[in-house]
Structures are given as C-alpha cells and as structure tokens.
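Inside the fold
Each chain is listed here by its residues.
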Amino acid sequence: MKVETIEVGELSTNCYLLDINNKVVIVDPGDDFFKIKKAVGSRKVVGLLLTHFHFDHIGALEEVISYYNVSINKVNDENFKYEILETPGHTMESKSFYFAKEKVLFAGDFIFYHSIGRTDLGGSDKLMQESLDTISKYPDDIVVYPGHGPKTILGEEKKYFKYYY
Ligand SMILES: [Zn+2]
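Anyway, here's the lowdown on the structure attached to this text. (Residues numbered from 1 in each chain as written. Predicted model: local features only at pLDDT ≥ 70, side-chain atom pairs only at ≥ 80, totals over all residues. Heavy atoms only, no water.)

**What to know about the sheet that holds strand 6 (residues 83–86)**
For the record, the criterion: A pair of strands counts as paired when DSSP detects no fewer than two bridges linking them. The way it works is that DSSP assigns letters per residue, a run of H or I at least four long becomes a helix, a run of E at least two long becomes a strand, and they are numbered from the N terminus.
Judged by pairing direction, the sheet is mixed, and its 5 strands sit side by side in the order 6-7-8-11-12 without closing on themselves. At either end of the open sheet lies a strand with only one pairing partner, and these are strand 6 and strand 12 (152–153). Alignment of strand 6 against strand 7 (residues 95–99), held across 4 bridges, turns out to be antiparallel. Its bridge partner lying in strand 7, Leu85 is registered against Ser96.

**Quick notes on the coordination of the zinc ion**
Heads up, the condition is: For Na, K and Ca the donor cut-off is 3.2 Å, and for all other metals it is 2.8 Å, counting N, O and S atoms only; because water is absent from this set, sites may look incomplete. Four donors are marked tetrahedral only if all angles between them lie between 85 and 135 degrees, whereas four are marked square planar and six octahedral if opposite donors are more than 155 degrees apart and the other angles lie between 65 and 115; the remainder are marked irregular.
Bound to the zinc ion are the protein donor atoms His52 (NE2), His54 (ND1), His90 (NE2) and Asp109 (OD), situated 2.2 to 2.3 Å from the metal. Here the zinc ion binds 4 donor atoms, and the angle range of 85 to 168° at the metal identifies the geometry as irregular.

**Describing the pattern of salt bridges**
Here is the rule we go by: Salt bridges, as used here, are contacts in which a Lys or Arg side-chain nitrogen is within 4 Å of a carboxyl oxygen on Asp or Glu. Type-normalised accessible area, obtained with a 1.4 Å probe on protein chains alone, sets the label of each residue: buried when under 20%, exposed when over 50%, and partly exposed for intermediate values.
Under the defined criterion, the tally for this structure stands at 10 salt bridges. For Lys126, the salt bridge is made with Glu130, and the minimal N-O distance between the two is 2.9 Å. Taken together, the residues span about one helical turn, with Lys126 and Glu130 both in helix 4 (residues 125–136) at a distance of 4 residues. The class for Lys126 is exposed, based on a relative accessible area of 57%. Relative accessible area serves as the criterion here: at 37%, Glu130 is assigned to the partly exposed category. Close ionic contact of Lys159 with Glu156 constitutes a salt bridge, the shortest N to O distance being 3.0 Å. Linking Lys159 with Glu156, this pair stays in helix 5 (residues 154–164), spanning 3 residues, or about one helical turn. The exposure class assigned to Glu156 is partly exposed, which follows from its relative accessible area of 27%.

Written as structure tokens, this is what we have:
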C-alpha cells in the first residue's frame, strides 16, 4: 500500500491517499476538493475514512462522497484490510485506522509528532488517557500518520505519553 500525503486547507490538514493497485482510499478530506481530485487522477476511489468531524478534516467531505459515490468509513475493496480503533479524547468520536499488515496507523488529531491532540475542543482528558493506554499495547514499529505535521513512529511517541497527564 502506497501512502500519499496531500496538505489541505488553512490549518495544513493532512489528507491521505492510500493506493493499492491503483485503487484509492481517501483519509480525512479536509479541504480543497480540486487538489484531492487532481491527486487521485484517473484512479478509482473505493473508500473513505474519517478520523473525526472537526471542520478542518471535513471541508471536502460532501464533494468526495457525491463525486466518488463513497460513504464514511466504508471501503469497497478487500485488499484494504484495517481495524477501526475507537480512540476518543481529542473529540468524543475520534477514531484511528490501523493497517496491521502494513503497520501503519492513521491517527487524525489523536497523536502527532512528539505531541498529542488537544482535548478542549469537545474532547475529554480522561478518554484521551484511556486511548493512550489502548494504543500503548500496539507494536512500537507502527508508523503513525497524523492529521497535521510529519509522520512518526509509535514507539518513539510512547516515550512521551507519561508526561502528558
Ligand atoms: Zn481535530
């Protein structure tokens, strides 16, 4: 699976395109449908994954749904194998998508490079703590693709978890 990053919108939100055999899954269409559409090109979009509903992650959501005829958190191609992890804290509905074979995690605003998401925009400190405990049980060598900024390695981020609360 190839992972492409498209930076969209005023808050430089990461929209990701996941490609297997020229089939594409869009993660967090934050803004700029034109930019996303251009990056997708002639490839077939087979799914849409959304980590949470903050405005900077959903700007192009409706256009993606109607143009590509996809629904939220559905992927119509069995080559994409992933687990939906409930990782609330940044928001109550925050989810992460874990691709075990590829060892990659799309974390939205749950985990960033050397940081975590804020909880004062409709989230919960307690749930964030629980989500950090949950993700701590996952392998260290997972590559984490966050909602903003550069990717990171889960094992590296785990070292910081104890300092957050
Ligand atoms: Zn957010």
